[in-house]
Amino acid sequence: MEQVTAATVKQAGKVIAVHVAYRSRADQRGRTPAKPSYFLKASSSLSLGGSDIERPAGCELLAYEGEVALVIGTAARRVSPENAWTHVGQVTAANDFGVYDLKYADKGSNVRSKSGDGFTPFGPGLIPAAGLDPATLRVRTWVNGELVQEDTTAGLLFPFSQIIADLSQLMTLEPGDVILTGTPAGSSVAVPGDVVEVEVDSLDAGLGTGRLRTAVVQGTAAFADYGNGPKTTDADREDAWGSAEAAGLAPKGLGAELKRKLTSVGTATLSAQLRQRGLNNVSIDGLKSTRPEVRIAGTARTLRYVPNREDLFKTHGGGYNAQKRIIDTLNDGDVLVMEARGEAGTGTVGDILALRAQINGAAAIVTDGGVRDVAAVAALDMPTFFTGAHPAVLGRRHIPWDTDLTISCGGATVQPGDIIVGDADGLLVIPPSLAEEVADAAIAQEHEETFIAEMVSRGHGVEGLYPMNAAWRAKFAEWAASHPNPAARP
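Quick summary incoming for the structure in this document. (Residues numbered from 1 in each chain as written. Predicted model: local features only at pLDDT ≥ 70, side-chain atom pairs only at ≥ 80, totals over all residues. Heavy atoms only, no water.)

Glancing now at the environment of Asn360. Tracing the chain through its elements places Asn360 in the loop between helix 12 (351-359) and strand 20 (364-367). Asn360 sits in the buried class, given a relative accessible area of 17%. Other than its neighbours up to four places away in sequence, Asn360 contacts Ile327, Asp328, Thr329, Leu330, Asn331 and Asp332. Within the structure, Asn360 has its side chain in polar contact with the backbone oxygen of Ile327 (distance 2.9 Å). (Helix = DSSP H or I, 4+ residues; strand = E, 2+ residues; numbered from the N terminus. Buried < 20%, exposed > 50% of the residue type's maximum accessible area, 1.4 Å probe, protein only. Contact = heavy atoms within 4.5 Å. Polar contact = N/O pair within 3.5 Å; in protein donor to acceptor, adjacent residues only side chain to side chain.)

Written as structure tokens, this is what we have:
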């Protein structure tokens with residue numbers, strides 16, 4: 001088998017990388033693209049197996065990504081998916097290293113964060129593509145001998161033939177060009193002293209590249225101030241490590257204590273507290289709940305439907321569309337909020353997808369459209385908030401278009417990560433920055449209202465009591481000393 005050599009590296013042309021290509025990676029990130037997207041890496045980032053990679057001085061987030069690399073054998077321009085594979089000369093292993101500390105400055109280009117010297121080791125063996133089944137390749141990654149990534153190309157969102165054909169629509173893929181085809185779940189951070197190895201093999205042909213070995217060393221040359229220096233956020237750390245837990249961060253979403261507080265009070269009380277803070281337009285109106293006795297609180301994931309247009313439904317509505325993708329990636333405590341323009345003349349969710357959302361741990365589904373199979377949906381433990389029942393399928397009126405963006409639902413603006421609280425009175429959207437403050441104030445308000453209700457039940461009038469004047473407030477303080485607020489304690 002031919003080996004990657006210094007001459008191979010020197011003769012290499014473009015290095016093109018796919019952003020997200022494996023379903024496991026998309027599920028891990030909670031974002032599933034409808035079509036492939038790409039970025040370029042400098043050809044000078046290519047290196048041989050056995051080389052060292054330098055973590056730049058001042059950086060903490062050097063991440064590895066084990067990948068299948070395709071080496072173009074014959075020029076490809078406007079080729080079809082059916083013929084695309086014939087233009088691949090060899091297959092090998094690659095490691096798409098990058099430093100998340102510099103991503104902010106790249107503004108999406110990945111020029112500096114991904115193109116450092118040695119940031120794309122590939123090899124060591126080159127498997128001839130002719131006769132290989134591209135759907136039966138396996139990629140594995142080890143860190144210090146421990147297996148951390150393993151997947152097969154059967155798990156790709158976009159087959160290699162689609163990627164090659166797509167790229168060839170705009171550029172000529174030339175012999176020696178390298179395509180990095182994306183990484184599966186399990187990518188994380190490597191630190192100086194770590195040894196990262198990647199291997200690609202064919203499960204049916206019994207051929208393998210051998211292990212691509214790269215050792216991480218610490219760089220010492222500091223960045224000069226005439227360029228952007230390293231900078232990280234907790235979001236960068238979570239992306240680089242693969243999860244908040246792995247990064248040593250508090251997990252995203254609604255914490256158990258805040259959820260307890262928000263569900264211990266009614267939306268009417270929360271609405272009053274939001275109004276006091278100038279937020280009057282935060283209710284999702286016109287919806288009813290399949291489980292009105294259940295109070296819910298969770299973080300918003302969003303889905304937007306657009307009006308059906310037959311040609312666009314063919315490209316966006318069928319198969320593993322945006323609706324199915326976001327439901328498949330819901331996590332514990334998520335609330336799926338769907339913008340359906342108040343159109344109740346068709347179902348926006350049915351029993352199977354609602355069940356999938358419940359199994360994934362979703363707190364609720366919210367739609368300002370209709371629901372199919374409403375009896376089965378209502379039988380679930382998870383509440384669904386909706387405008388009405390309708391037997392028609394989604395495509396009668398809607399195309400599931402895009403996800404995790406700012407939407408409108410029931411007259412309210414909802415952003416991903418907003419906190420959604422609901423009960424028999426309705427639904428509220430609470431900005432995350434205000435949630436703790438509003439919850440504490442609502443708990444205090446309901447404690448006061450418990451006292452007021454008790455006084456009214458004893459025959460007192462509401463003048464001066466509701467709201468309380470100074471005299472009644474003094475009496476409340478005496479009462480509260482012997483009646484502690486149970487909702488204020490864990």
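The subject of this paragraph is the sheet that holds strand 3 (residues 46-47). Across the sheet, seven strands lie side by side as 2-1-12-6-7-9-3; this open sheet has mixed pairing. Strands with a single pairing partner mark the edges of an open sheet, and in this sheet they are strand 2 (38-41) and strand 3. The pairing of strand 1 (residues 15-18) with strand 12 (residues 178-180) spans three bridges and is classified as parallel. Bridging across to strand 12, Ile16 finds its partner in Ile179. (Pairing = 2+ DSSP bridges.)

This paragraph deals with the layout of surface pockets. Considered as a void within the structure, the second largest pocket measures approximately 450 Å³ in volume. Around the second largest pocket sit 23 residues that line it, and His19, Val20, Arg29, Lys103 and Asn110 are the ones nearest its centre. Elements that contribute at least two residues to the lining of the second largest pocket include exactly helix 2 (23-29), strand 8 (98-99) and helix 5 (111-114). In the lining of the second largest pocket, the residues fall into six nonpolar, six polar and eleven charged. (1 Å grid on protein atoms, 1.4 Å probe; cavity = no way out; pocket = protein on both sides within 12 Å on 5 of 7 lines; lining within 4 Å. Points joined across faces, edges and corners; volume = space filled by probe spheres on them. Nonpolar A, V, L, I, M, F, W, Y, C, P; charged D, E, K, R; others polar.)

Burial of the side chains of strand 4 (residues 52-55) is restricted to one face: Ile53 and Arg55 are buried, whereas none of Asp52 and Glu54 on the reverse face is. Examined bridge by bridge, strand 4 and strand 15 (residues 212-218) share four bridges and lie parallel to one another. Looking across to strand 15, one finds that Ile53 is bridged to Val216.

Turning our eyes to something else, we now look at helix 9 (residues 267-276). For helix 9, the complete set of buried residues consists of Thr267, Thr269, Leu270, Gln273 and Leu274. Seen along its axis, helix 9 keeps its buried residues to an arc of 155 degrees; they face one direction. Counted as exposed and oriented over 90 degrees from the buried face of helix 9: Arg275 and Gln276. Buried-residue contacts for helix 9 involve helix 8 (256-263), strand 27 (419-423), strand 28 (426-430) and helix 14 (432-457). Just beyond helix 9, the residue with positive phi is Gly278, at close to 85 degrees. (Arc of directions from axis to C-beta.)

A few words on the sheet that holds strand 8. An order of 8-5-13 is seen for the three strands of this open sheet, with the pairing classed as antiparallel. Bordering the open sheet on either side are strand 8 and strand 13 (189-190), each of which pairs with just one other strand. Bridge analysis of strand 5 (residues 62-63) against strand 13 gives two bridges, and the strand direction is antiparallel. Residue pairing for strand 13: Leu62 is matched across the bridge by Ala190.

Turning to the pattern of salt bridges, a few remarks are in order. Applying the stated criterion across every chain, the model contains 27 salt bridges. For Asp96, the salt bridge identified is with Lys114, shortest N-O distance 3.2 Å. Residue Asp96 is located in the loop between strand 7 (88-95) and strand 8, and its partner Lys114 is located in helix 5; the two are separated by 18 residues in the primary sequence. In this pair, the class of Asp96 matches that of Lys114, namely buried. The salt bridge involving Asp334 is made with Arg301; its shortest N-O contact spans 3.8 Å. (Salt bridge = Lys/Arg side-chain N within 4 Å of Asp/Glu carboxyl O.)

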